[in-house]
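Breakdown of the fold
What follows is each chain in one-letter form.
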Amino acid sequence: MEAPRSSETRWSTVASSLPVRNVQDLATCSEELTEETLKRYIRLDIQDDEVLAERSGEVPVIDLGKLFNPHFAEEESARLSFACEDWGFFQLVNHGIPDGIVATIRSDIEKFFQLPLEVKSAYAQLPGDLQGYGQSFVVSESQTLDWSDMFVIIAHPPQARDMRYWPVQPHTFRKSIEEYSSELMKTAHSVVTVLAKTLNIDLELMGDKYVCQYLRMNYYPPCTTMAEKVLGFSPHSDGSFLTFLLEVNSVEGLQIRRHDAWIRVKPNPNALLVNVGDFLEIMSNGKYKSTEHRVTINTNQERLTLSAFHVPSLDGVVSPVMGSAEERSLYKTMGVEEYSKLYMSNKLDGKRALDRAKLM
Ligand SMILES: O=C(O)CCC(=O)C(=O)O
Ligand SMILES: [Fe+2]
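Owing to the predicted nature of the structure, the values given are computational and were not obtained by experimental measurement. Each residue is numbered by its place in its chain's sequence as written, counting from 1. Whichever chain is written first is A, and whichever ligand is written first is 1; the rest continue in order. The predicted nature of this model means local features are confined to residues of pLDDT at least 70 and side-chain atom pairs, given and counted, to a pLDDT of 80 or more, with totals for whole chains, interfaces and linings taken over all residues. Side-chain figures throughout are based on the complete set of non-hydrogen atoms in the structure, without hydrogens or water.

Here we come to the state of the cysteines. Two cysteine sulfur atoms form a disulfide, by the criterion used here, when they sit within 2.5 Å. By the definition in use, this model includes zero disulfides. Residue cysteine 223 stays outside any disulfide, its sulfur separated by 13 Å from that of cysteine 29, the closest cysteine.

Attention now moves to the confidence of the model for the chain. Averaged over the chain, the pLDDT score is 91; the fraction of residues at 70 or greater is 94%. Each residue carries a pLDDT value, the predictor's own confidence for that position, ranging from 0 to 100. The criterion used for residue contact is that any of the two residues' heavy atoms lie within 4.5 Å. Contacts of residues 1-7 to residues separated by more than four positions or lying in other chains number eight contacts, the stretch itself having pLDDT below 50. Across the assembled chains, the prediction reports ipTM 0.99 with pTM 0.95.

A separate point is the packing of aromatic side chains. Any two aromatic rings considered together are summarised by their centre-to-centre distance and by the angle between their planes. Here the aromatic set is Phe, Tyr and Trp, taking the six-membered ring for Trp, and pairing holds for ring centres within 6.5 Å; pairs whose planes are under 30 degrees apart are stacked, those over 60 apart are edge-to-face, and all others are tilted. Tallied over the entire structure, the rule returns 11 aromatic pairs. Measuring from ring centre to ring centre gives 6.3 Å for tyrosine 133 and phenylalanine 151, while their planes differ by 85 degrees; the resulting arrangement is edge-to-face. Here phenylalanine 151 lies in strand E5 (residues 149-156) and tyrosine 133 lies in strand E4 (residues 132-134), a separation of 18 residues in the sequence. Buried residues are those whose accessible area, probed at 1.4 Å on protein chains only, stays under 20% of the maximum for their type, while exposed residues exceed 50% and partly exposed ones sit between those limits. Among the residues examined, tyrosine 133 registers a relative accessible area of 5% and is labelled buried. By relative accessible area, which is 0% here, phenylalanine 151 ends up buried. One aromatic cluster is present, formed by Phe112, Phe113, Tyr123, Tyr133, Phe151, Phe173 and Tyr219 through successive ring pairs. Lying over the aromatic face of phenylalanine 72, lysine 66 brings its terminal NZ or CZ to 5.2 Å of the ring centre. It is arginine 258 that lies over the ring of tryptophan 87; its NZ or CZ is 3.7 Å from the centre. Helix and strand definitions here come from DSSP, where helices need a minimum of 4 consecutive H or I residues and strands a minimum of 2 consecutive E residues; each element is numbered from the N-terminal end. Only Lys NZ and Arg CZ are tested; either one counts as a charge over a ring when it is within 6 Å of the ring centre and within 35 degrees of the ring normal.

The next subject is the sheet that holds strand E12 (residues 293-296). The strands making up a sheet are joined through hydrogen bonds of the backbone, oriented either antiparallel or parallel. Spatial strand order, E1-E10-E9-E12-E7: five strands in an open sheet with mixed pairing. A strand with exactly one partner marks an edge of an open sheet, and here the two such strands are strand E1 (51-52) and strand E7 (231-236). Two strands form a pair only when DSSP identifies at least two bridges running between them. The sheet contact formed by E1 and strand E10 (residues 261-264) spans two bridges and is parallel. Looking at the pairing, valine 51 lines up with tryptophan 262 of E10.

Written out as structure tokens, the structure is:
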């Protein structure tokens, strides 16, 4: 066992979460699925939301190979820039992570969540820790709960890893996490290099070198009785710089907020779904948008995903970088740790952390 590292202890002061019932287990215990237990998950506010199913294929598709091919680079970079400005989301194809590595991590994640609860519980979150097997952040007894379980580890930088959370079952898991993580670091670096150019920001200033990578495996069990009244993940924007989502089993569920409605995202098994996080919105002075999104639940199919959050180092500071001397700064300069605390506490008072970073 390794000693806790400084970044881990620091994160522990950022957040602490209340323990709640395991959702995967609850979903399979039919005698427990009473109105009383389900009450904590029901949302009265989502039935009237407009969902535009017919637009699910519209998320921009960006080809990483083209971004580095002299024949296409200019045009593809412009499309990337448009995607970040107008959508805050894009499907990244030709992303360079070998098929075998993606296939193994997909099957390891499926196998992990199939393990008995007692086995998974060995990785339960320690009090105040963001890492481990458990639920999304819960701050009060009255908070509406998400219909999902998750498993979070820090994968990068290697010295920030806490091996107590690295699963030993299935036996290939540690290796597949390690490989996926390091391939994704390369892919992310390529994307950040192009984004820096589109924003005319020095790559050094993008903080890419000091980024931490959090891997969060999400399990959304089906809800046989009232799928349309619960959410797997309540609406939020990501407290990251960039997020890279791998849809592990291609079961639909993610929705993006767009023009006051929700757009369903059709899973693309060959792509990584990338989104702009709050820190990139701040750094680009609002040019690139950290878009709200949520996850809905199916009646009979489970959804599995892997989110990789690329977050600036807690020691860092994020400030808007202006394109010209005339441009007005729209966001405060925020310490990453200070912002992360705001982000974690926003469920308490319902105010978005990003709005509090705005200068108005
Ligand atoms: O699982 C998904 O589809 C989305 C997960 C997500 O939004 C997140 O992890 O921040
Ligand atoms: Fe998210």
